[in-house]
Amino acid sequence: MTLSVSDVKRIADLAYIEINDNEVKETLNQLSGIFDLIETMQAVDTSTVEPMSHAQSVVQRLREDEVTEADQHGLYQSIAPQVEADLYLVPQVIE
Amino acid sequence: MQWEIVIGLEVHAQLSTQSKIFSGASTAYGSPPNTQACVIDLALPGVLPVLNKGAVERAIKFGLSVGAKINSPSIFARKNYFYPDLPKGYQISQFELPVVQGGNIQIQADGEEKNIRLTRAHLEEDAGKSLHEDFHGMSGIDLNRAGTPLLEIVSEPDMRSSAEAVVYAKTLHALVRWIGICDGNMQEGSFRCDANVSVRPYGTEKLGTRCEIKNLNSFRFLEKAIDYEARRQIEILEDGGIIRQETRLYDASKDETRTMRTKEDANDYRYFPDPDLLPLEISANWIDQVQSVLPELPQARRDRYMSEFALSAYDASVLTSSRETADYFESTIKQLPAQVKLCANWIMGEINGQLNKEGLEITACPVTPSQLAALLERISDDTISGKAAKAVFESMWNGELEKNVDAIIAAKGLKQISDDSAIEKLVDQVLAANEQQVADYRNGKEKAFNSLVGQIMKATQGKANPAQVNTILKKKLEG
């Protein structure tokens, strides 16, 4: 698979990462290297192998439906950049 | 051209657990901001999600109640997008292998039974809330809702009108409440609908380009938004235009939908299995356990009421509109098994009417099933007339005389006169005082009969048994 400069810019956009034109080229090379590696791996015949969703063959442990967390919002908000009326404040976002 | 509207619904039902889907924080509604957002909900570094058994159990319950396949293993995936009320930068949801696969819901549309196929139902976490006002150009974030368990129930595009979509949504709403997995409170956002709407020339198979309408938090808005959106699409197509696939928002104040985002700038969610969560295994044993505590479902009860009690489809539907209503009905008839129809009529009429008037749920009904049965028993044994029963009911509703039926009847002097000799005596008196009308009746004036009945009822303040009065009066006039 060959990546283009516009692919890299699109991915950066989706990931909310700012990259300048010099970095685009370097990133393109790095990402292409990763795709080459994937291509090599895809040469292995896996048609008879069941896909796995996790690297370990163990199953999810479940917890009982109980409230175990106490309110500590004062503590958590002490490290927030800006708080008002118990709300975390962020730069305005309106879709 | 004739157009056909094609609708599929995605419903987010908030599951009625005590704690969140991946953390031990409370899910209670309406608490002060951020008092129920713990380190996991805030996505602080180093935390790990642990799945809530209660959320999985509710999803299994739903799957079994719609005849779906329960997937095991079932996989959790990350759905990636950026928004400040989603602190992790991804929502934990399901993509491949949702807990519930397939299933069917029967709806009653236009007097006919219709099957709506379900695609899937998957578990996911809710996001927080953004408040955009009053923070000097900043947005306020409340993460109490972040991590609340949701079951997203996705239907196939099987509905053909807004009315059908509303019936489906209402049926689903009743079902999730019936099986006790969601409180269904739409004002609090516990049950939210998104509608996928497209149109196609009538008689064709190929689906048109669809638009997704978000933000539908009432059945009325659902209906209006679909109607508006279908009209909009038909107008564009009839003018020779094409429909763009996009997400639209319904604005209730203007009764219109408008573009929220188009397909081109839609998020690429980059789903992938969440490495923090292992595959979920649901054993056959667990499924059997859930099945064994599943209540009799609304559809089954409705059918049973029709076959066992010979009630009409309409009556059976009203009585099974909620599990509480159906339970109330069954408790009542348990005490008065010979008067099923009378019980049904009173619950659908007086009880529902009073509840609606006072905005009460049947669980808060001041007249209990056994009190209602005691009252109706007095109608069926001819102690009081139906009309007098309504007066007694009103007294019971208001808590008079400890809601004791016989005490109220006695206090109000409502006991019906059912003694033949007493009624005969009254009839004789009235006949003697109304010779003219007696003569009129005998000369063929049928109307005179009703007038005489009226006089007798008036003389007894409405307490004479009307059926007996009719019989005795007829006998005397013709005898």
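Residues numbered from 1 in each chain as written. Chains lettered and ligands numbered in written order. Predicted model: local features only at pLDDT ≥ 70, side-chain atom pairs only at ≥ 80, totals over all residues.

1. Observations concerning the overall build of chain A
(1) Moving on: Across its full length, chain A carries 3 helices and 3 strands.
(2) Moving on: Secondary structure elements of chain A occur, N-terminal to C-terminal, as α-α-β-α-β-β.
(3) Moving on: Scaling as 2.2 N^0.38, a compact globule of 95 residues should have a C-alpha radius of gyration of about 12 Å, whereas chain A reaches 22 Å, well beyond that.
(4) Moving on: Taken along the three principal axes of its C-alpha coordinates, chain A extends 55 × 45 × 25 Å.
(5) Moving on: Residue burial in chain A is summarised as follows: out of 95 residues, 6% are buried. (Helix = DSSP H or I, 4+ residues; strand = E, 2+ residues; numbered from the N terminus. Rg over C-alpha atoms; globule rule 2.2 N^0.38 Å. Buried ≥ 20, exposed ≤ 12 C-beta atoms within 10 Å, placed from the backbone.)

2. Focus on the overall build of chain B
(1) Moving on: For chain B, the helix and strand inventory stands at 16 helices and 16 strands.
(2) Moving on: With the C-alpha coordinates of chain B rotated into their principal frame, the extents come out at 95 × 55 × 55 Å.
(3) Moving on: Counting across all 479 residues of chain B, residues that qualify as buried make up 39%.

3. Observations concerning the interface of chain A and chain B
(1) Moving on: Every contact between the two is made by 32 residues of chain A and, on the other side, 43 residues of chain B.
(2) Moving on: It is strand β3 (residues 87-91) of chain A that contributes the most residues to the side of chain A that touches chain B, 5 residues altogether.
(3) Moving on: Residue composition of the side of chain A that touches chain B, grouped by class: 15 nonpolar, 7 polar and 10 charged.
(4) Moving on: Alignment of β3 of chain A against strand β10 (residues 138-142) of chain B, held across 4 bridges, turns out to be antiparallel. Residue V90 of chain A lies in a different strand from β10 of chain B, and its bridge partner there is S139 of chain B. (Contact = placed C-beta atoms within 7 Å. Nonpolar A, V, L, I, M, F, W, Y, C, P; charged D, E, K, R; others polar. Pairing = 2+ DSSP bridges.)

4. Some words on the sheet that holds strand β2 (residues 83-84) of chain A
Two orientations exist for strands paired in a sheet by backbone hydrogen bonds: parallel and antiparallel.
(1) Moving on: Spatially, 4 strands are ordered β2(A)-β3(A)-β10(B)-β9(B) in an open sheet, and the strand pairing comes out antiparallel. Whereas interior strands pair on both sides, the edge strands pair on one side only; in this sheet they are β2 of chain A together with β9 (129-131) of chain B.

5. Points about the packing of helix α14 (residues 435-442) of chain B against helix α15 (residues 447-459) of chain B
Residues and elements named next belong to chain B.
(1) Moving on: Between α14 and α15, the least distance of the axes is 8 Å, while the angle of their chain directions is 145 degrees. Every pair of crossing elements has a handedness; the one defined by α14 and α15 is left-handed. In contact with Q437, D440 and Y441 of α14, α15 contributes A448, F449, S451 and L452. (Axes fitted to C-alpha atoms, helices over the stretch in contact; angles between N-to-C directions. Left-handed = near helix turned anticlockwise from the far one by under 90°.)

6. Side note on the sheet that holds strand β4 (residues 77-80) of chain B
All names here are of chain B.
(1) Moving on: Reading across the sheet, the 3 strands line up as β5-β4-β16 and stay open at both edges, with antiparallel pairing between neighbours. What marks the edges here is a single partner per strand, and that holds for β5 (90-93) and β16 (272-273).
(2) Moving on: Bridge analysis of β4 against β16 gives 2 bridges, and the strand direction is antiparallel. Across the sheet, residue A77 finds its bridge partner in β16, namely P273.

7. Looking at the pairing of β3 of chain A
Residue and element names in this part refer to chain A.
(1) Moving on: In this structure, β2 lies alongside β3, joined through 2 bridges in antiparallel fashion. By the bridge assignment for β3, V83 is matched with Y88.
(2) Moving on: Between β2 and β3, which pair antiparallel in sequence order, lie 2 residues; one of them, A85, sits at a positive phi of approximately 50 degrees.

8. Quick look at the domain arrangement of chain B
(1) Moving on: When cut into domains, chain B gives domain 1 (3-287), domain 2 (296-412) and domain 3 (420-478).
(2) Moving on: The C-alpha centroid of domain 3 of chain B is placed 67 Å from the C-alpha centroid of domain 1 of chain B. (Domains from an automatic or database assignment.)

9. A word on the confidence of the model for chain A
(1) Moving on: Overall, the predicted model of chain A reaches an average pLDDT of 89, with 97% of residues at or above 70.
(2) Moving on: Mean pLDDT across the elements of chain A ranges from a minimum in helix α1 (residues 5-14) of chain A, with 88, to a maximum in strand β1 (residues 62-63) of chain A, with 97. (pLDDT = per-residue confidence, 0-100.)

10. Brief notes about the pairing of strand β1 (residues 3-14) of chain B
(1) Moving on: Across 11 bridges, the pairing between β1 of chain B and strand β12 (residues 191-201) of chain B is antiparallel. Bridge pairing in β12 of chain B links W3 of chain B to P201 of chain B.

11. Describing the confidence of the model for chain B
(1) Moving on: On average, residues of chain B score 92 in pLDDT, and 99% of them reach the 70 mark or higher.
(2) Moving on: Two numbers describe this predicted complex: its pTM, 0.83, and its ipTM, 0.79.

12. Quick word on α15 of chain B
(1) Moving on: Taking 1.5 Å per residue, 13 residues should reach 18 Å; α15 of chain B reaches 19 Å between its end C-alpha atoms and fits that length.
(2) Moving on: Directly beyond the C-terminal end of α15 of chain B, a positive phi value near 50 degrees is found at Q461 of chain B. (Expected span 1.5 Å × (residues − 1).)

13. Some remarks on the environment of I351 of chain B
All names here are of chain B.
(1) Moving on: For I351, the location among the structural elements is in helix α9 (residues 340-358).
(2) Moving on: Here I351 falls in the buried class, since 23 other C-beta atoms lie within 10 Å of it.
(3) Moving on: When the C-alpha positions of I351 and I362 are compared, they lie 8.3 Å apart, and in sequence the two are 11 residues distant.

14. Structural notes on unusual backbone geometry
Leave glycine aside and you will find that most residues have negative phi; peptide bonds, for their part, are mostly trans.
Residues and elements named next belong to chain B.
(1) Moving on: Between S72 and P73 the backbone carries a cis peptide bond, its omega angle lying at 5 degrees.
(2) Moving on: One can find P73 in the loop between β3 (69-70) and β4.
(3) Moving on: The phi torsion at A43 lies on the positive side, around 60 degrees, for a residue other than glycine.
(4) Moving on: Checked against the element boundaries, A43 lands in the loop between α1 (39-42) and β2 (51-52).
(5) Moving on: In this structure A43 comes out as partly exposed when scored by C-beta crowding, with 17 C-beta atoms within 10 Å.
(6) Moving on: The phi dihedral of L97 is positive, around 50 degrees, even though this residue is not glycine.
(7) Moving on: By the secondary structure assignment, L97 is in the loop between β5 and β6 (100-101).
(8) Moving on: Overall, the presence of 19 C-beta atoms within 10 Å leaves L97 in the partly exposed class.

15. Observations regarding the nonpolar core
Burial of nonpolar side chains together is a common tendency in soluble globular proteins.
All names here are of chain B.
(1) Moving on: A59, A165 and A195 are the most contacted members of the largest nonpolar core, which has 76 residues in total.
(2) Moving on: The contacts of A59, once residues within four sequence positions are left out, are V99, V100, A121, L123 and L151.
(3) Moving on: Counting residues in hydrophobic clusters, the runner-up holds 30 residues, among them Y305, L376, A388 and L414. (Core = buried A, V, L, I, M, F, W, Y, C linked by C-beta atoms within 7 Å.)

16. Focus on helix α10 (residues 369-380) of chain B
Residue and element names in this part refer to chain B.
(1) Moving on: When the terminal C-alpha atoms of α10 are compared, their 16 Å separation across 12 residues agrees well with the 16 Å that a helix rising 1.5 Å per residue should span.
(2) Moving on: Looking at α10, one finds that the buried residues are P369, Q371, L372, A373, L375, L376, R378 and I379.
(3) Moving on: In this structure, the buried residues of α10 make contact with α8 (323-335), α9, α11 (386-397) and α12 (405-412).
(4) Moving on: Where α10 ends, the next residue or the one after it, D382, has phi of about 65 degrees, a positive value.

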